[in-house]
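For reference, the chains in residue letters:
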Amino acid sequence: MKLKEMVELVQQHHSELGVTEIVKMINTAQEEYSQRTRMLERATQFDLDGNNAQRYYALDESILEIKSVDMEGADGSADHVNIPKLVGRPVRRDLT
Amino acid sequence: MAGTYVDNYSKRYATNKWVWWTERDAIGIAKYDPVAEKFYSPDADQHGKKITLFYYKKATQFTEPNSNSFSWTATSDFPGQFHDYIVAKAIALGYERKPEQLPLAQYFHEKFEKGVREGRNYAYRARAGTVKYIKPVDF
């Protein structure tokens, strides 16, 4: 269904509402639907910055929840292998 | 590779463990040394190594008409069979503004809730099909 059809369906019930307002309501609905169903899954990659000993990497706003993480060479091979999630946080903080 | 060692007892190649966690809207990646009980950040040996994140994402928002990228033909990220439920939620939000029509808002909210249940099932099955129970028969 295209956006135009979605807006027209809403307008059948709320003819007094403008398109901008309806698009905002559709966006609100979509956000709640994605949060509650966890239906949309994606993968993304970035490079480690070892030269600056960077420990933290900002997460994109579109990421709801990380399912799993693979790291290239984590086991000493050239493969991309799954690394475990730490329970809690390191005792000694490092903000780099 | 820094942090790797040969376990002399088992004669097996082993490594300290790389781990991840989230904090302050960021992902932390470090190597945990269980002997020293310390975490080490990536160093020059790991520079440029790929990290792959598998994640659940938010739906891409439709741009509003006052934006240059607005398009009437844009489509939702969700599979087509769930678009009706998105529309139902938007209709419900409209009816919520009219106190005399709250029952209608309730109706469309319930339709949306049905969509959430169906959506969760769809996500759980991950398009691999349902598990079918085959009843054993005693001949």
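Please refer to the structure higher up on the page.
Residues numbered from 1 in each chain as written. Chains lettered and ligands numbered in written order. Predicted model: local features only at pLDDT ≥ 70, side-chain atom pairs only at ≥ 80, totals over all residues.

(A) Here's a closer look at the packing of helix α1 (residues 3-13) of chain A against helix α2 (residues 19-37) of chain A. Residue and element names in this part refer to chain A. Interaxial distance between α1 and α2 falls to 10 Å at its minimum, and their mutual angle equals 105 degrees. By the angle class used here, α1 and α2 are roughly perpendicular. Taken together, the residues of α2 that come into contact with α1 (itself represented by Met 6, Val 7, Val 10 and Gln 11) are Val 19, Ile 22, Val 23, Met 25 and Ile 26. (Axes fitted to C-alpha atoms, helices over the stretch in contact; angles between N-to-C directions. Helix = DSSP H or I, 4+ residues; strand = E, 2+ residues; numbered from the N terminus. Parallel < 35°, antiparallel > 145°, perpendicular 65-115°, else oblique. Contact = placed C-beta atoms within 7 Å.)

(B) Broad picture of the nonpolar core. The biggest cluster of nonpolar side chains holds 27 residues, and the ones touching the most others in it are A:Val10, A:Ile26, B:Ile86, B:Ala90 and B:Ile91. The set of elements that each furnish at least two residues to this core consists of α1 and α2 of chain A together with α1 (83-95) and α2 (102-125) of chain B. No other element matches the nine residues that α1(B) contributes to this core. The contacts of A:Ile26, once residues within four sequence positions are left out, are A:Met6, B:Phe62, B:Ile86 and B:Ala90. (Core = buried A, V, L, I, M, F, W, Y, C linked by C-beta atoms within 7 Å. Buried ≥ 20, exposed ≤ 12 C-beta atoms within 10 Å, placed from the backbone.)

(C) Fine view of the interface of chain B and chain A. The partner chain A presents 71 residues to the 64 residues of chain B that form the contact. Breaking the side of chain B that touches chain A down by element, the ones donating at least two residues are β2 (12-15), β3 (17-23), β4 (26-33), β6 (50-57), α1 and α2 of chain B. For the side of chain B that touches chain A, the element with the highest residue contribution is α1(B), accounting for nine residues. Broken down by class, the residue content of the side of chain B that touches chain A amounts to 33 nonpolar, 18 polar and 13 charged. Bridging between strand β2 (residues 56-58) of chain A and β4(B) involves three bridges; their strand directions are antiparallel. (Nonpolar A, V, L, I, M, F, W, Y, C, P; charged D, E, K, R; others polar. Pairing = 2+ DSSP bridges.)

(D) Broad picture of the sheet that holds strand β1 (residues 41-47) of chain A. Here four strands make up an open sheet; going across it, the order is β1(A)-β6(B)-β3(A)-β4(A) and the pairing antiparallel. A single partner strand is all that each edge strand has here, and the edge strands are β1 and β4 (80-83) of chain A. Across the sheet, the mean angle from the axis of one strand to that of its neighbour is 35 degrees, orientation sign disregarded. Both strand β3 (residues 63-72) of chain A and β6(B) contribute to a ladder of seven bridges, which runs antiparallel. Within β6(B), the residue paired with A:Ile66 across the bridge is B:Tyr55.

(E) Layout of the environment of A:Leu17. Following the sequence through the fold, A:Leu17 ends up in the loop between α1 and α2. Along the backbone, A:Leu17 and A:Asp60 are 43 residues apart, and their C-alpha atoms lie at a distance of 32 Å.

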